[in-house]
Protein chains: 8
Amino acid sequence: GYATLDTHRNLRFGFPEVVLGEPKTVEQLLGIVGTLVERKQTVLVTRLQPDKAEALVARFPKGEYHPVARIFHLKQGKVRAGRVAVVTAGTSDIPVAEEAAITAEAMGAEVRRVYDVGVAGIHRLLRRREEIQECHAAVVVAGMEGALGSALGGLVGIPVVAVPTSVGYGANFKGVSALLAMVNSCASNVATVNIDNGFGGGFYAALISRTKGRR
Amino acid sequence: GYATLDTHRNLRFGFPEVVLGEPKTVEQLLGIVGTLVERKQTVLVTRLQPDKAEALVARFPKGEYHPVARIFHLKQGKVRAGRVAVVTAGTSDIPVAEEAAITAEAMGAEVRRVYDVGVAGIHRLLRRREEIQECHAAVVVAGMEGALGSALGGLVGIPVVAVPTSVGYGANFKGVSALLAMVNSCASNVATVNIDNGFGGGFYAALISRTKGRR
Amino acid sequence: GYATLDTHRNLRFGFPEVVLGEPKTVEQLLGIVGTLVERKQTVLVTRLQPDKAEALVARFPKGEYHPVARIFHLKQGKVRAGRVAVVTAGTSDIPVAEEAAITAEAMGAEVRRVYDVGVAGIHRLLRRREEIQECHAAVVVAGMEGALGSALGGLVGIPVVAVPTSVGYGANFKGVSALLAMVNSCASNVATVNIDNGFGGGFYAALISRTKGRR
Amino acid sequence: GYATLDTHRNLRFGFPEVVLGEPKTVEQLLGIVGTLVERKQTVLVTRLQPDKAEALVARFPKGEYHPVARIFHLKQGKVRAGRVAVVTAGTSDIPVAEEAAITAEAMGAEVRRVYDVGVAGIHRLLRRREEIQECHAAVVVAGMEGALGSALGGLVGIPVVAVPTSVGYGANFKGVSALLAMVNSCASNVATVNIDNGFGGGFYAALISRTKGRR
Amino acid sequence: GYATLDTHRNLRFGFPEVVLGEPKTVEQLLGIVGTLVERKQTVLVTRLQPDKAEALVARFPKGEYHPVARIFHLKQGKVRAGRVAVVTAGTSDIPVAEEAAITAEAMGAEVRRVYDVGVAGIHRLLRRREEIQECHAAVVVAGMEGALGSALGGLVGIPVVAVPTSVGYGANFKGVSALLAMVNSCASNVATVNIDNGFGGGFYAALISRTKGRR
Amino acid sequence: GYATLDTHRNLRFGFPEVVLGEPKTVEQLLGIVGTLVERKQTVLVTRLQPDKAEALVARFPKGEYHPVARIFHLKQGKVRAGRVAVVTAGTSDIPVAEEAAITAEAMGAEVRRVYDVGVAGIHRLLRRREEIQECHAAVVVAGMEGALGSALGGLVGIPVVAVPTSVGYGANFKGVSALLAMVNSCASNVATVNIDNGFGGGFYAALISRTKGRR
Amino acid sequence: GYATLDTHRNLRFGFPEVVLGEPKTVEQLLGIVGTLVERKQTVLVTRLQPDKAEALVARFPKGEYHPVARIFHLKQGKVRAGRVAVVTAGTSDIPVAEEAAITAEAMGAEVRRVYDVGVAGIHRLLRRREEIQECHAAVVVAGMEGALGSALGGLVGIPVVAVPTSVGYGANFKGVSALLAMVNSCASNVATVNIDNGFGGGFYAALISRTKGRR
Amino acid sequence: GYATLDTHRNLRFGFPEVVLGEPKTVEQLLGIVGTLVERKQTVLVTRLQPDKAEALVARFPKGEYHPVARIFHLKQGKVRAGRVAVVTAGTSDIPVAEEAAITAEAMGAEVRRVYDVGVAGIHRLLRRREEIQECHAAVVVAGMEGALGSALGGLVGIPVVAVPTSVGYGANFKGVSALLAMVNSCASNVATVNIDNGFGGGFYAALISRTKGRR
Ligand SMILES: Nc1ncnc2c1ncn2[C@@H]1O[C@H](COP(=O)(O)O)[C@@H](O)[C@H]1O
Ligand SMILES: Nc1ncnc2c1ncn2[C@@H]1O[C@H](COP(=O)(O)O)[C@@H](O)[C@H]1O
Ligand SMILES: Nc1ncnc2c1ncn2[C@@H]1O[C@H](COP(=O)(O)O)[C@@H](O)[C@H]1O
Ligand SMILES: Nc1ncnc2c1ncn2[C@@H]1O[C@H](COP(=O)(O)O)[C@@H](O)[C@H]1O
Ligand SMILES: [Mg+2]
Ligand SMILES: [Mg+2]
Ligand SMILES: [Mg+2]
Ligand SMILES: [Mg+2]
Ligand SMILES: [Mg+2]
Ligand SMILES: [Mg+2]
Ligand SMILES: [Mg+2]
Ligand SMILES: [Mg+2]
């Protein structure tokens, strides 16, 4: 009744409106997913709690739930994108990174995961520079002081999408310190999305990696 | 003596280190620009005051100063990029927008300017949607409440780089309200750089528009 | 014993003091509502939890509980107001919107609900412009970046009361980003009330819609 | 060249786009005002510095400059609105109050000024309650702790538009304390615009006072 | 073992160190209270949870627990102070007010309670002005926009100790809006203590009321 | 014309409304001071710039200007108060301290100045403890981290009025760090006024020192 | 799989990477600790919940769990450091202090504990000055207004590492007031780590105390 | 008259009270420096404007003014300390770095300057790692996002004192972003002093480098 689905989005992006699962009831989700399935559109439900995911998978067995990323994905039709690297500072940043990775894969990107390579031991990142440089875009996921955003930006020549995370405590202010670090990055190839917004980071990087198609 | 030039940058981006003109003395600038000219590299000096610009143009007559953008540009060699749209909410946002536009042009992009089309009269933006959609990336430049970021993101299917500006007063907090609006954008194709960072916005969009080259 | 009821309010507004239900015990509520009922005044209890609502409805069966709005309403006598539109950006903003709508209806207004028409798909709002324009005032309810406040203000020529919501995460800061966007609106027909204050938004819009009476 | 005038606004409000004078050059202002004059539209230029005002008055002698309000006004055609009270806490708030008053008058309202009646001596306000209550809307202008917003809201039964000012020092944070006080007002007939936004306050109150016309 | 009791305090104030009950275990509390009792000093334990209070009362039956104020008080010896008024804006502010009132009484003051007289209905406060004026100091307890601090300060000629409370929501920021209002008070007889610090407000007012003794 | 003098204040405090000199013109000041002189009231003008002070002293030679405190004082009639100590952390805090001291003296208090005794060399304060303890109230004036507020509160048994100053830099945020320190003081005999509000601190302490009169 | 252990750290500090226990599962912890044990490295797991600690102690009985500090420690090989004092303002700061103390001891330092000596009763600190002065570095742990940082810095001639704690309420903002106080310290021998970062404070002080080794 | 010199400081640190030159008049400075010279103590005046420096050098020709560091230094007697590295991110950070370097040298340290090696080109830092590692402590000076703090901390095994600078713009908030980055550092050998506090950073590092003396 109340929801107004944005049917234009598939036309603009070649990818339909993504559903934010967290605040919705199982009934609402079953309804929305059902509609999308009928229209032969790919379904992506993010920030989805495990129990609600179960109900979706039961009804739509072609869909898959990624528990770390908290994403339900039901693929329909074909999408194509380029190569995307997803890089994290610590192990605690991995859930947000997986949200980015699964989103990018759902949009057709090939994803390279480079995890736990933060600046407290920068040699870990230096070892993997080549691998990242070969991608069309990188997502960097970091909490605490968010220094990895600039460090990675300073090492590669591709667009870097920075996702600050709320990992940390005290004067971290639930991700604000990392967000500020990334917005103030001294590397010019870094742009930033919201704290813990793995979905946005993955979507944006995949979109960049596709740019070829539109020239 | 003290400065440590980053010679790796040209290798990574096909574009040398850009010089921040504001805090440097004329002597420092003449020195640094001289070095870059000798190395046959393109020179871009941003946030450059008119009086210091005069001295640079006098010494290096092949360079050009863009007063609204406050950029000194001396082209050497060839660079190639795609199409970039630069969109502003009001007329006061134009200096930041020009900084973005001149930067993107220096990197080889073809730039389309769409100015003073803010959401207080949204029909002005709707009229120009097609023009923007044909680009590989858009830079959106807005102060006050920064709503144009989401409004534009919601209209086109390309990556949008949002540059909040410090235009406004009171609870605008010198651009913070626009920055927050852009970071929280409900459109997934929006990523953000620092307040008044026209250079960063133009650089990032031009970089995206080039992605093709690296696939 | 402790409470000091404000009996002047009915004289000023033609509407009695509204009771904030959240922090009060069932006993306190039964007492206060009883007093108002005896005085033949309309009762409105806001932010009322379901379990406490049950007790009120049991004792005062003429009253009605609106679960989404979390409002208990017991009508006595007649009130008259004009037409009010209530507009939301997303589906998560609906509880706050319903608080506004039920409040305005309790004050005698005719309410038009326009839900889930945020700027990520602005065509949804454009389709319904006429409907809103015909009202005497509009309440706009939006979280995240709150861009709908300015977008709506820019489309219609009536006073718009903006209610920022705490919907969002990260740099949304529980509604602060939306609040700032609305307070900084580039549309001059937008004024703002507190985050999640649906009651205030509905009350203010209904009051405007009644202005005729006092000229 | 760059400016995109919003010609729709006169249709929506019966009042053209208001020009923000502060950031514009004399040349830009002469051009914009000239265009509006030709189109037979009322001209209102706000936040206009005295020296630029002189140039406007010299060229357009039918216009008038209000130095305290910093507004240039050139009336063309007829507008009608109701009664608006403008109330201030201290004498330092008067420039913002005058911006509100002149704006409301330009929109056709009859304005009642009630100045320097802050809560440090509340009897001053009590004496003038009747006068304010007879209006269709009130603008309250206050800095420091902004308590007058709630105090006035609690005394009258009409919509109050609160304009926080940057008057104060220290933990006033250039008007933030007053803004917060107004947004958190315990009186339900108070809505708020930006710090020092006298124009917005006067515009909104005048718009309310006109509501009759549209019913 | 770890605690270092401040035995100087009784000498300075004629009142011993007050114990903050919230973070302490029952065992720690029984130990500390036991020591104070032995030394024949009055005991005041603040922010004490009901279950821990029960254990204290069981062991020290001469003590009394005030559940609304959450204070345990065991009187030993005599203390004398003057008259203190405790004034609140709403009913939700009463727990903090009771903390102030019980503390002041424990220090020997005679306390007058004036509750639920906020500025949304200022006539309620005007009715009780005389009663407050006769005291040596007043404690004002208010949340939301905290306007009662200035309103009371403007009505009486005695020192007012303002206690902001965390009552409110949204842009109230858990009491910050009220704190700022009080610190910025335009009335010069207002000084402020921490948010929800009823104990501090009552202690300070009682201390003022005693000043006579020391002249 | 515009100003509404608060004539009640002399009745409440035995001291007339104090004039804030900073934002007023010489003409306004001459007018207001003239009125007060005619009414035989003591005149106190605070935050008064030297050039405007000269004009006042020329016209009213019985008045005196205190350049460090930036106060103009013209005594008429008699006032009586107790003993007040004014204590500063550093030498840069002295202007604010003098504003407090002169205000308290104007209200009839005997003032003891204890300057430059901050916690970086706490022995300086310990040496002067007795002197302060003999007063009825103390004003403590400190910037940077504001630790002197708690340190003094912990040493004496009298009410302490804390005035944070904007002395400092960086994360001092123009006095916010000192303000927070004082509001959070672990000493219960500390209450706080606005940053740099020497006038308020001196007024409040003098008022306390007079409390005797009213018992 | 995902974790990238930083094996360089033992070389740099003579102490291996410390494991942050809070966000890790028991399985992850058993794996990581096992690896470190095999490599004959000392194990330190911080912020470890009691239930997970039990599992570690069961599997590695040579390790010990410190419940107040919430640290698991398994010593292998020898480390040497100097003398470190750990000083707290109140008893509620002790858990953070113990985290510092146990960490410093694990790094080979001799630790002196000086607890509950805050500035509300400064004589308690003065009594123990000598004891602290004899150490090579001190860790000061304080919440609320954090004044002890400067007070201690002002008493001793050794480097002081300040750890603000989140102890307090209201305008304490979970430790921000103490953090600001410490960062703004007027004593030059104070440097600061994150709120509640006992581990960091103890590590840094122990590192200083070892400096000798490297000269 | 007003100043209270802290003569204890030389005893504690073997280094006298350092004079903050900025807010003092030439007369005050000549007086204070004269006193220190008589007492045969080393003089250090920081944040000293060039014109005032001239007067000091004229009167005390044995002293020297360092214009970039803005420090006046007059050496008397002997002091000894270890090796300190001073590292900066950019060239704009050099004035703060020089303040640190000159201070450390005045305290007897041997200083190694490593400037303009920020993370946007991290190879510049890697090249100089050895040089820094051989010191007893390092001062890291960085603005913008302050990532160099963690990057350096992660490369060396010595205590790092981080000095955030106000270099940057927009969401840098005059150094707050760098301060937060440093306080949240994922490297455990980083402690932080105030924004732009080069003096504090140099003092603290030199103090660490001396620790040997006291063991
Ligand atoms: N949901 C609400 N949000 C804000 N204010 C409210 C709300 N509901 C009632 N009020 C106001 O709060 C006051 C009632 O507070 P109380 O005396 O605690 O019941 C009245 O002045 C109402 O106008
Ligand atoms: N003083 C003012 N404060 C806020 N907005 C204003 C003010 N004056 C004009 N405006 C608005 O600002 C816009 C004009 O901006 P511009 O295109 O830069 O002239 C119009 O939409 C006006 O409604
Ligand atoms: N330095 C000051 N700081 C804060 N308030 C002041 C100061 N001087 C005077 N006041 C107060 O400001 C009000 C005078 O404001 P005004 O009517 O603008 O002169 C009076 O209520 C005074 O109590
Ligand atoms: N309590 C703590 N607070 C801050 N940092 C810590 C703490 N415990 C360990 N660390 C650091 O956090 C990192 C370990 O993170 P992880 O890889 O997630 O185990 C190491 O660099 C440690 O130095
Ligand atoms: Mg790790
Ligand atoms: Mg415009
Ligand atoms: Mg939707
Ligand atoms: Mg006045
Ligand atoms: Mg009430
Ligand atoms: Mg001094
Ligand atoms: Mg204690
Ligand atoms: Mg450089």
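Residues numbered from 1 in each chain as written. Chains lettered and ligands numbered in written order. Predicted model: local features only at pLDDT ≥ 70, side-chain atom pairs only at ≥ 80, totals over all residues. Heavy atoms only, no water.

*Asks:* I keep staring at the overall build of chain A and nothing clicks. Help me out?
*Replies:* Across its full length, chain A carries 9 helices and 9 strands. For 215 residues, the compact-globule estimate of 2.2 N^0.38 gives 17 Å, and chain A sits close to it at 17 Å. The burial tally for chain A puts 67% of its 215 residues in the buried class. When contacts within chain A are restricted to residue pairs at least 6 apart in sequence, those whose partners lie at least 24 apart make up 68%. Counting every atom, chain A has about 7100 Å² of accessible surface; 52% of that belongs to carbon and sulfur. Computed over 25 positive and 19 negative side-chain charges, the separation of the two mean positions in chain A equals 7 Å. (Helix = DSSP H or I, 4+ residues; strand = E, 2+ residues; numbered from the N terminus. Rg over C-alpha atoms; globule rule 2.2 N^0.38 Å. Buried < 20%, exposed > 50% of the residue type's maximum accessible area, 1.4 Å probe, protein only. Contact = heavy atoms within 4.5 Å. Areas by Shrake-Rupley, 256 points an atom, 1.4 Å probe, with all protein chains shown as cover. Lys, Arg positive; Asp, Glu negative; His and termini not counted. Charge placed at Lys NZ, Arg CZ, Asp CG, Glu CD.)

*Asks:* Before we go on, may I ask you to explain the interface of chain F and chain E in this structure?
*Replies:* Reports of interface size often rely on the accessible area that becomes lost once the parts have come together. Between chain F and chain E, the contact holds 40 residues from the first and 40 residues from the second. Between chain F and chain E, a total of about 3300 Å² is buried, with carbon and sulfur atoms accounting for 57% of that surface. On the surface where chain F and chain E come into contact, there are 0 salt bridges. At the boundary of chain F with chain E, the tally comes to 8 residue pairs in polar contact (both at pLDDT 80 or more). Those elements giving two or more residues to the side of chain F that touches chain E turn out to be α1 (8-13), α6 (129-133), β8 (160-164), α8 (176-183), β9 (190-192) and α9 (198-209) of chain F. Ranked by the residues each element gives to the side of chain F that touches chain E, the list is headed by α9 of chain F, at 7 residues. Across the side of chain F that touches chain E, the residue classes tally to 19 nonpolar, 14 polar and 7 charged. (Buried area = accessible area lost by both parts, 1.4 Å probe. Salt bridge = Lys/Arg side-chain N within 4 Å of Asp/Glu carboxyl O. Polar contact = N/O pair within 3.5 Å; in protein donor to acceptor, adjacent residues only side chain to side chain. Nonpolar A, V, L, I, M, F, W, Y, C, P; charged D, E, K, R; others polar.)

*Asks:* Explain helix α3 (residues 50-59) of chain H here, please?
*Replies:* For an α-helix, the turn length of 3.6 residues means that residues three or four places apart are oriented alike. All names here are of chain H. Of all the residues in α3, the buried ones are Lys52, Ala53 and Leu56. Along α3, the residues classed as buried sweep out an arc of 105° about the axis, all on the same side. Facing away from the buried surface of α3 by more than 90 degrees, the exposed residues are Pro50, Asp51, Glu54 and Ala58. (Arc of directions from axis to C-beta.)

*Asks:* Where do I start with the relation of the copies chain F and chain E in this structure?
*Replies:* Here two copies of a chain appear, and what relates them is a rotation about an axis with a shift along it. Structural alignment of chain F on chain E gives an RMSD of 0.0 Å, achieved by rotating through 180° and translating 0.0 Å along the axis. What we have between these two chains is a two-fold relation. (Least-squares fit on C-alpha atoms with pLDDT ≥ 70 in both.)

*Asks:* Which parts of the structure should I look at to understand the site of ligand 4?
*Replies:* Inspection of the region around ligand 4 gives 14 residues, with Tyr169 of chain A, Arg9, Lys24 and Thr46 of chain G together with Ser188 of chain H positioned closest. The local environment of ligand 4 is shared, drawing residues from chains A, G and H. Separating an oxygen atom of ligand 4 from a side-chain N or O atom of Lys24 of chain G is a distance of 2.5 Å. A distance of 3.0 Å separates an oxygen atom of ligand 4 from a polar side-chain atom of Ser188 of chain H. In isolation ligand 4 exposes 500 Å². Once the protein is present, 89% of that is buried. For the shell around ligand 4, the per-class residue count stands at 5 nonpolar, 4 polar and 5 charged. (Near = heavy atom within 4 Å.)

*Asks:* Would you mind showing me how to read a positive patch on the surface here?
*Replies:* Among the surface-exposed residues, Lys174 of chain A, Lys174 of chain C, Lys174 of chain E together with Lys174 of chain G lie close enough to one another that they form a single positively charged patch. Relative to the helices and strands, Lys174 of chain A is located in the loop between β8 (160-164) and α8 (176-183). On the accessibility criterion, Lys174 of chain A (59% relative accessible area) is exposed. (Patch = residues over 30% accessible without salt bridge, like charges linked within 9 Å, V, L, I, M, F, W, Y side chains within 5 Å.)

*Asks:* Would you mind going over the site of ligand 1 with me for this structure?
*Replies:* Close contacts around ligand 1 come from 14 residues, with Arg9, Lys24 and Thr46 of chain C, Ser188 of chain D together with Tyr169 of chain E the closest. More than one chain approaches ligand 1, the contributing ones being chains C, D and E. The separation between an oxygen atom of ligand 1 and a polar side-chain atom of Lys24 of chain C is 2.5 Å. Taking Thr46 of chain C, its side chain carries an N or O atom lying 2.7 Å from a nitrogen atom of ligand 1. Contact with the protein chains removes 89% of the 510 Å² of surface that ligand 1 exposes when unbound. Class assignment for the residues of the shell around ligand 1 results in 5 nonpolar, 4 polar and 5 charged.

*Asks:* Help me understand the pairing of strand β5 (residues 83-88) of chain A in this model?
*Replies:* Residue and element names in this part refer to chain A. The buried fraction of β5 amounts to 5 of the 6 residues, a majority that puts the element mostly inside the structure. As paired strands, β5 and strand β6 (residues 110-114) are joined by 5 bridges and run parallel to one another. Bridge pairing links Ala85 to Arg112 in β6. For the handedness criterion, the β-α-β arrangement of β5, helix α4 (residues 94-106) and β6 is classed as right-handed. Examined bridge by bridge, β5 and strand β7 (residues 137-142) share 5 bridges and lie parallel to one another. Across the sheet, residue Val86 finds its bridge partner in β7, namely Val139. (Pairing = 2+ DSSP bridges. Right-handed = clockwise from strand over helix to strand, strands pointing away.)

*Asks:* Even after reading the chapter, I still don't get the interface of chain B and chain A, so can you show me in this structure?
*Replies:* At the interface, 40 residues of chain B touch 38 residues of chain A. Taking both partners together, chain B and chain A bury about 3300 Å²; carbon and sulfur atoms supply 57% of that area. At the surface where chain B touches chain A, the tally comes to 0 salt bridges. Among the elements of the structure, α1 (9-13), α6 (129-133), β8 (160-164), α8 (176-183), β9 (190-192) and α9 (198-209) of chain B are those that each provide at least two residues to the side of chain B that touches chain A. The dominant element in the side of chain B that touches chain A, judged by the number of residues it contributes, is α9 of chain B, at 7 residues. A per-class count over the side of chain B that touches chain A returns 19 nonpolar, 14 polar and 7 charged.

*Asks:* Help me out: how do you make sense of the relation of the copies chain B and chain A in this one?
*Replies:* With an RMSD of 0.0 Å, the operation that places chain B on chain A is a rotation of 180° combined with a shift of 0.0 Å along the axis. Of the interface residues in chain B, 95% have counterparts in chain A that sit at the interface too, so the contact is made through matching surfaces.

*Asks:* How do you make sense of the environment of Arg112 of chain D when you look at a structure like this?
*Replies:* Residue and element names in this part refer to chain D. Relative to the assigned elements, Arg112 resides in strand β6 (residues 110-114). Put simply, Arg112 and Ala85 are 27 residues apart on the chain and 4.6 Å apart in space, counted from C-alpha to C-alpha. Setting aside its immediate chain neighbours within four residues, Arg112 contacts Arg83, Val84, Ala85, Val86, Glu131, Glu134 and Cys135. Among the polar contacts made by the side chain of Arg112, one reaches the side chain of Glu134 at a distance of 2.9 Å.

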